[in-house]
Amino acid sequence: MQTVGILTLQGDYDKHAQVLRKRNVDTRSVRYPDDLLNCDALIIPGGESTTMSKLMDHIGIRDEILTFAQTHPVMGTCAGMILMANRGGDSRVKPLGLLDITIVRNAYGRQVDSFVEEIEFKTQFGVEVIKGVFIRAPKIKSIGGNVEVLAELYNEPVFVRQGLHMATSFHPELSNSCAIHDLLISMIWEPVLAE
Amino acid sequence: MEKGSFEVKVGLAEMLKGGVIMDVTTAEQAKIAEDAGAVAVMALERIPADIRSEGGIARMSAPKMIKDIQNIVSIPVMAKCRIGHFAEAQILESLDVDFLDESEVLTPADDANHINKHAFKVPFVCGCRDLGEALRRIGEGAALIRTKGEAGSGNIVEAVRHMRKVQNEMKVLTILDEEELMAKSKELGAPFSLVKQVAKLGKLPVPNFAAGGIATPADASLMMQLGAESVFVGSGIYKSEDPPNRARAIVAAVTYFDNPEKLAEVSYDLRKAMKGLDIAEIPEDQRLQERGW
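Note that the coordinates shown come from a computational prediction; the quantities given were computed from them, not determined experimentally.

What counts, and where the lines are drawn
Residues numbered from 1 in each chain as written. Chains lettered and ligands numbered in written order. Predicted model: local features only at pLDDT ≥ 70, side-chain atom pairs only at ≥ 80, totals over all residues. Heavy atoms only, no water. Buried < 20%, exposed > 50% of the residue type's maximum accessible area, 1.4 Å probe, protein only. Helix = DSSP H or I, 4+ residues; strand = E, 2+ residues; numbered from the N terminus. Contact = heavy atoms within 4.5 Å. Core = buried A, V, L, I, M, F, W, Y, C linked by side-chain atoms within 4.5 Å. Buried area = accessible area lost by both parts, 1.4 Å probe. Salt bridge = Lys/Arg side-chain N within 4 Å of Asp/Glu carboxyl O. Polar contact = N/O pair within 3.5 Å; in protein donor to acceptor, adjacent residues only side chain to side chain. Nonpolar A, V, L, I, M, F, W, Y, C, P; charged D, E, K, R; others polar. pLDDT = per-residue confidence, 0-100. Patch = residues over 30% accessible without salt bridge, like charges linked within 9 Å, V, L, I, M, F, W, Y side chains within 5 Å. Areas by Shrake-Rupley, 256 points an atom, 1.4 Å probe, with all protein chains shown as cover. Lys, Arg positive; Asp, Glu negative; His and termini not counted. Charge placed at Lys NZ, Arg CZ, Asp CG, Glu CD. Pairing = 2+ DSSP bridges. Axes fitted to C-alpha atoms, helices over the stretch in contact; angles between N-to-C directions. Parallel < 35°, antiparallel > 145°, perpendicular 65-115°, else oblique. Left-handed = near helix turned anticlockwise from the far one by under 90°.

As a further point, take helix α1 (residues 6-15) of chain B. Of all 10 residues that make up α1 of chain B, eight are buried, and the element is covered over most of its length. Within the sequence span of α1 of chain B, burial applies to V8, K9, V10, G11, L12, A13, E14 and M15 of chain B. Taken together, the buried residues of α1 of chain B touch α1 (13-22), β7 (115-123) and β8 (126-134) of chain A together with β5 (99-103), β7 (144-147) and β8 (208-209) of chain B.

Quick look at the structure:
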């Protein structure tokens, strides 16, 4: 049985656990460095990136996440994407640098501008359409050469992947679709298959 | 593109889970709150303890103060409006406030009606003392519920009473027969559709936070263990002797609420908490929780 760790420092971690339970995947809440030991993948949820960044340093889990990420899939949604980026231009957040992307926080506006829009993305089975819930969402301003864009909205990337790591500027955990979490689960087997 | 739906309102409330929302009255205090790890700040003219001691009519915050705070922090900025004062709410919405608290801490503007919160794009949080009150507010469109507690008292007893009452009344709903739910809906004074929903889910259909009297990391832990999903801290931070340290300690206490060693560690170097008030010392007609229904 696969176990997906969910960073449980702050945010909508429960919503991710609910999606994974629909797929009969074990979840583990990750609050201490040792919690990563038996995980096969990690999700960094939505929430406040400034708060999560500080709590990561408070408990000292940053290095463990970076080591884990070298050999395991990691997915970030919204604040999680901000934390996975390598450039944010905001001293309030210290990102992990797992994705070669530049982020602008709250770039779609404040809460009154939060919105829902359909997002299309390609999977191995064809094109999936899922509901994209954007809450004070960040924008990806630029991407490195090794970053694959999996979905766009208004000609801007909103779902990207680089190797074992992927991130969305919206919240798949707030939609009824499991499609993006399914992709993360399938990635757990990729390093094994590649060997 | 759909904006301001109930879904995106509750969505922001979900993002605030496991966090601390701090009352602030200046841009400097807002900066301290953000640096300490607050998930949001609540901009208001006076913190509840001062409203209580100074008296007078407490109204919505000044637009300039809200803008100053929005300019200095990147986390969500909330503001309070008076119960029933939908014109204050309209003004605060036009200022792009991220969340509105229709709050008993301010002087009520309407003694019979709360705001129709469905009419707004901005999400609302409302206080409650029991399940009926929580469901009436959700029926009016609140996207987030918090206990009322007794704001500005530094005394956790009322927040505990309110959280236990809500949890207890929800548990009862889950074991009732479907035939009994309408009578229960009448007794609670709550919309039948929401009573049915709670009976099925065993929890509120929106996030459920704690507020009113939280002054220490231990208070925050207590409320989280009683079922709160986040905490609001008002007077407890800026009426203490070391606001930045206390703010940081309460942020860690919410994440590690079930770890007593960690709670002891974050409480170790704290200076004095706010003095606080015994509820019996507050005359009944001055209890903020009695405002609204």
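Text resumes after the structure shown.
Bringing the nonpolar core into the picture now. Of all hydrophobic cores here, the largest spans 84 residues; its most connected members are I69, M223 and V231 of chain B. Counting residues in hydrophobic clusters, the runner-up holds 29 residues, among them V4, I43, F134 and I180 of chain A.

Attention now moves to the interface of chain B and chain A. With 46 residues of chain B at the interface, the matching set in chain A holds 37 residues. Together chain B and chain A conceal approximately 3200 Å² of surface at their shared face, both sides included; 53% is due to carbon and sulfur atoms. In this structure, R136 of chain A and D98 of chain B form a salt bridge, with 3.1 Å as the shortest nitrogen-oxygen distance. Taken together, chain B and chain A are joined by 25 residue pairs in polar contact (both at pLDDT 80 or more). Looking at which element gives the most residues to the side of chain B that touches chain A, the answer is α1 of chain B, with seven residues. Broken down by class, the residue content of the side of chain B that touches chain A amounts to 21 nonpolar, 10 polar and 15 charged.

Overall, the coordinates contain 38 salt bridges over all chains when judged by the stated rule. Put simply, K31 of chain B and E34 of chain B hold a salt bridge, and the shortest N to O gap is 3.5 Å. In this pair, K31 of chain B and E34 of chain B are both assigned in helix α2 (residues 27-36), three residues apart and thus about one turn of the helix distant. With a relative accessible area of 26%, K31 of chain B lands in the partly exposed category. For K262 of chain B, the salt bridge is made with E265 of chain B, and the minimal N-O distance between the two is 3.2 Å. A residue pair is termed a helical-turn pair when its members lie 3 or 4 positions apart in one helix, as K262 of chain B and E265 of chain B do in helix α13 (residues 260-267) at three residues. Given a relative accessible area of 8%, K262 of chain B falls into the buried group. Taken together, the salt bridges that share partners define one network made up of E48, D90, R92 and R105 of chain A together with K31, E34 and D35 of chain B.

Per-chain confidence: chain B averages 96 in pLDDT, with 100% of residues scoring 70 or above. Interface scoring of the predicted complex returns ipTM 0.95; its pTM is 0.96.

Together, D177, E178, E179 and E180 of chain B give the surface a local cluster of negative charge. Inspection of the secondary structure puts E180 of chain B in the loop between α7 (157-175) and α8 (181-188).

The next thing to look at is the sheet that holds strand β6 (residues 124-128) of chain B. In a beta sheet, neighbouring strands are held together by backbone hydrogen bonds and run either parallel or antiparallel to one another. Residues and elements named next belong to chain B. Overall, parallel pairing links the eight strands, which are arranged β8-β7-β6-β5-β4-β3-β2-β9 in an open sheet. The open sheet is flanked by β8 and β9 (231-233), the only strands paired with a single partner. Bridge analysis of β5 against β6 gives three bridges, and the strand direction is parallel. Residue pairing in the sheet places E102 in a bridge with C126 of β6. Sheet strands in contact with helix α5 (residues 86-94) are β4 (77-82), β5 and β6, and its direction is about 160 degrees off that of β4. Taken strand by strand, helix α6 (residues 131-139) contacts β6 and β7, and its axis lies near 160 degrees from that of β6.

Attention now goes to the environment of G11 of chain B. Note on placement: G11 of chain B falls in helix α1. Placed 270 residues apart in sequence, G11 of chain B and E281 of chain B show a C-alpha to C-alpha distance of 40 Å. Apart from residues no more than four positions distant in its own chain, G11 of chain B is found in contact with I135 and L174 of chain A.

Residues and elements named next belong to chain A. Pairing geometry for strand β10 (residues 148-153) and strand β11 (residues 156-162), over five bridges, is antiparallel. Looking across to β11, one finds that L153 is bridged to E156. In this antiparallel pair of consecutive strands, β10 and β11, the connection spans two residues, and Y154 shows a positive phi of 50 degrees.

Before going further, it helps to spend a moment on the packing of helix α10 (residues 217-225) of chain B against helix α12 (residues 243-255) of chain B. Residues and elements named next belong to chain B. At their nearest, the axes of α10 and α12 sit 8 Å apart, and the two run at 25 degrees to each other. It follows from the interaxial angle that α10 and α12 lie roughly parallel. Along this stretch, α10 crosses α12, giving a crossing that reads as right-handed. Facing P217, A220 and M224 of α10, the residues of α12 in contact are R246, A249, I250, A253 and V254.

Between helix α2 (residues 49-59) of chain A and α12 of chain B, whose axes approach to 11 Å, the crossing angle comes to 85 degrees. In terms of orientation, α2 of chain A and α12 of chain B fall into the roughly perpendicular class. Across the interface between the two elements, T51, L55 and H58 of chain A of α2 of chain A pack against V251, A252 and T255 of chain B of α12 of chain B. A per-class count over the contact of α2 of chain A with α12 of chain B returns three nonpolar, three polar and no charged.

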